[in-house]
Amino acid sequence: MRIQLSDHFTYGRIIRFVAAPIAMMLFTSVYGMVDGLFVSNFVGKTPFAAINLIMPYLATLSAVGYMFGTGGSAIIGKTLGEQRPDKANEYFSLLVYSSIVIGFIITVLGILFMRPVSMFFGARGELLDCCILYGDVTMISMIPYMLMSMFDSLFITAEKPKLGFWVTVAAGCMHILLDAIFIVDLHWGLMGASIATVVSEFTGGCIPLFYFFRKNDSLLQIGKTHFYGSVLVKTCVNGLSEMASTLSVSFVAILFNFQLMRVAGENGVAAYGVVMYVNFIYMGVFFGYSMGVAPVISYHFGAKNHAELKNLFTKSIRLMALAGIGLAGIAAALTVPVCQIFVGYDQALFELTKHGYLIIAFSFIFIGYNYFGSYFFTALNNGVISAIIALLRSFVFKSAAVLILPVFWGVDGIWLSAIVAEIMAMIIVTIFLYRYKDRYHYL
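Here's what I pulled together on the structure shown here. (Residues numbered from 1 in each chain as written. Predicted model: local features only at pLDDT ≥ 70, side-chain atom pairs only at ≥ 80, totals over all residues. Heavy atoms only, no water.)

Once that is clear, we can look at the overall build of the protein. When you go through the protein residue by residue, the secondary structure sums to 19 helices and 0 strands. Whereas a compact globule of 443 residues would reach a radius of gyration of roughly 22 Å, the protein reaches 21 Å, a difference of no more than 12%. Each principal axis of the C-alpha atoms in the protein carries an extent, and together these give about 60 × 45 × 35 Å. For the protein, buried positions account for 61% of its 443 residues. (Helix = DSSP H or I, 4+ residues; strand = E, 2+ residues; numbered from the N terminus. Rg over C-alpha atoms; globule rule 2.2 N^0.38 Å. Buried < 20%, exposed > 50% of the residue type's maximum accessible area, 1.4 Å probe, protein only.)

Written out as structure tokens, the structure reads:
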């Protein structure tokens, strides 16, 4: 039986509704990890380090897609809750068209600045050549990648989370298959990895585009629209937290790379790449849950159903706490085999990666709570508070920690900065949740 945004949500119904977006994010993380696995084992340590070095820049450029997806989902979900489906479709169409135009501009600028940005990050010689090669080729699919990021959230708002999952599976399988063919069979090296990325992103971005342009049985369809400047501004404000998170994560990744390059050299950058690849899998649970439940929260907020809003909030906090403790334990238990798979060919790199991974794993205890807290305010159309939480968590606290702690504890300080930042963010999230409970009636 199809679960609707207007339903009452028990634990079982919440889990069934968010299962598809969680699976989608997990699969996205897994095929991203497999991409790094192929490059690390079949192309080399330097190309693998190059991908990790240039990735924050590419992620920064694509952040608009996440902003439009999460911010637009909050507005569209609220509009649907107000029983204005035609207007919701106009807003949806406007966001799609705007993403395409902005994506083209970003693509041109991204390619123009690829070399100076790579050099600014510290790339020289072979490392610089690899950064430019991978970055320039993958920029070709920037528009479909932005659309894919946006549709991840909007599939859920359209009450089609399973379809979003299968689109992700199709893109991911395409990526893995082409990695195997281009890198292992044809020996195309880093060029093969970048081409596989481009083809998979075109798959993930264009299939939803064709689906929503046609008549369908979802709540949304792309069609005629008008220019709603206020809607675009509100979308950007609502989605500012998620864009800020993406930008902050990218900036912090740059700081991590700078610090690790200074303390541990190229091995440090490669080790951080492994840790981040694997962490994305665990964070996919928190990200997928928050992304999945957000449109439901927006709908009931728009419908002024305070009882259901309280129900969703309470159950979500409990689920995030259980997931955080469980995933931290799993991550710690799997440290050795995971690191062995990625960098077992280099003992020094293996030891460095294992040590950092084991420390960072314990930050999962707090990440779920913090992720949901930020997404919760986005769903309530309070993008300002959501953005403050995201900026403090992802930028201020992590930047300060990664700059200060290594002074006292060296490499360990770099790894410990993730835990310290999440604990500080948890305090801030708790303060805001208590501060706004009477305005939104979720407690």
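Having put the structure on the table, let's press on.
Following the criterion strictly, the structure yields 8 salt bridges and no others. Of the charged contacts, one joins Asp7 and Arg13 as a salt bridge, the two residues approaching to 3.2 Å between their closest N and O atoms. Here Arg13 falls in the partly exposed class, since its relative accessible area comes to 24%. Arg393 is the partner of Glu422 in a salt bridge, and the nearest nitrogen-oxygen pair spans 2.9 Å. Here Arg393 lies in helix H17 (residues 383-409) and Glu422 lies in helix H18 (residues 411-435), a separation of 29 residues in the sequence. Of the two residues, Glu422 and Arg393, neither departs from the other in class, the shared state being buried. Ionic contacts of the salt-bridge type, sharing partners, join the residues Lys78, Glu82 and Arg84 into one network. (Salt bridge = Lys/Arg side-chain N within 4 Å of Asp/Glu carboxyl O.)

With that settled, consider the packing of helix H7 (residues 142-157) against helix H9 (residues 189-213). For any two helices packed against each other, one specifies the inter-axial angle together with the distance between the axes. Direction vectors running N to C along H7 and H9 enclose 55°, while the axes themselves pass 8 Å from each other. Compared by their axis directions, H7 and H9 come out oblique. Seen from above, H7 lies across H9 with left-handed handedness. Where H7 abuts H9, its residues Pro144, Tyr145, Leu147, Met148, Phe151 and Phe155 lie against Glu201, Phe202, Gly204, Gly205, Pro208, Leu209, Tyr211 and Phe212. (Axes fitted to C-alpha atoms, helices over the stretch in contact; angles between N-to-C directions. Parallel < 35°, antiparallel > 145°, perpendicular 65-115°, else oblique. Left-handed = near helix turned anticlockwise from the far one by under 90°. Contact = heavy atoms within 4.5 Å.)

Our next topic: the nonpolar core. Within the largest apolar cluster, 146 residues are counted, with the highest numbers of intra-cluster contacts made by Phe377 and Tyr442. Top contributing element to this core by residue count: helix H12 (residues 266-302), with 22 residues. Among all residues touching Tyr442, those that are not within four sequence positions of it are Leu309, Lys310, Phe313, Phe376, Phe377, Leu380, Phe432, Leu433, Tyr436 and Lys437. (Core = buried A, V, L, I, M, F, W, Y, C linked by side-chain atoms within 4.5 Å.)

Taken as a whole and judged by the stated rule, the model has 3 cavities of 30 Å³ or more. Every residue lining the second largest cavity is listed: Thr70, Ser73, Ala74, Ser153, Met291, Ala294, Pro295, Ser298, Tyr375, Thr378 and Ala379. Listed by contribution, the elements that provide at least two residues to the lining of the second largest cavity are helix H3 (63-81), H12 and helix H16 (364-379). Looking at which element gives the most residues to the lining of the second largest cavity, the answer is H12, with 4 residues. In terms of residue class, the lining of the second largest cavity is made up of 6 nonpolar, 5 polar and no charged. (1 Å grid on protein atoms, 1.4 Å probe; cavity = no way out; pocket = protein on both sides within 12 Å on 5 of 7 lines; lining within 4 Å. Points joined across faces, edges and corners; volume = space filled by probe spheres on them. Nonpolar A, V, L, I, M, F, W, Y, C, P; charged D, E, K, R; others polar.)

In this structure, Asn381 takes a positive phi of about 65° despite not being glycine. With respect to the helices and strands, the residue Asn381 is situated in the loop between H16 and H17. Backbone geometry places His441, a non-glycine residue, at a positive phi of 60°. With respect to the helices and strands, His441 occurs in the segment after helix H19 (437-440). Classification of His441 by relative accessible area gives partly exposed; the value is 36%.

Overall, the coordinates contain 0 disulfides when judged by the stated rule. Left unpaired, Cys173 is separated from the closest cysteine sulfur, that of Cys206, by 18 Å. (Disulfide = S-S within 2.5 Å.)

Moving on to a nonpolar patch on the surface. On the surface, Val101, Phe104, Ile105, Val108, Leu109, Leu112 and Phe113 cluster together into a nonpolar patch covering about 690 Å² of accessible area. Structurally, the position occupied by Val108 is in helix H4 (residues 85-112). Its relative accessible area of 38% is what places Val108 among the partly exposed residues. (Patch = residues over 30% accessible without salt bridge, like charges linked within 9 Å, V, L, I, M, F, W, Y side chains within 5 Å. Areas by Shrake-Rupley, 256 points an atom, 1.4 Å probe, with all protein chains shown as cover.)

Mapped onto the elements of the fold, Thr168 is located in helix H8 (residues 161-185). We classify Thr168 as buried; its relative accessible area is 7%. Taking the C-alpha atoms as reference points, Thr168 and Asn52, 116 residues apart in sequence, are found 22 Å from one another.

Let us look at the packing of aromatic side chains. The geometry of an aromatic ring pair is captured by two quantities: the separation of the ring centres and the angle between the planes. A complete count under the given rule lists 29 aromatic pairs for this structure. Ring geometry for Phe151 against Phe212: centres 5.5 Å apart, planes inclined by 25°, an arrangement best described as stacked. With a gap of 61 residues between them, Phe151 in helix H7 and Phe212 in helix H9 connect regions that are remote in the sequence. Taken as a pair, Phe151 and Phe212 share a single burial class, namely buried. Through a chain of ring-to-ring contacts, three or more aromatic side chains come together here, namely Tyr289, Phe301, Phe313, Phe372, Phe376, Phe377, Phe432, Tyr436, Tyr440 and Tyr442. Lying across the ring of Tyr11, Lys315 places its NZ or CZ 5.0 Å from the centre. Arg393 extends its terminal NZ or CZ atom over the ring of Tyr371, reaching a point 4.9 Å from the ring centre. (Phe/Tyr/Trp six-rings, centres within 6.5 Å; stacked < 30°, edge-to-face > 60°. Lys NZ or Arg CZ within 6 Å of the ring centre and 35° of its normal.)

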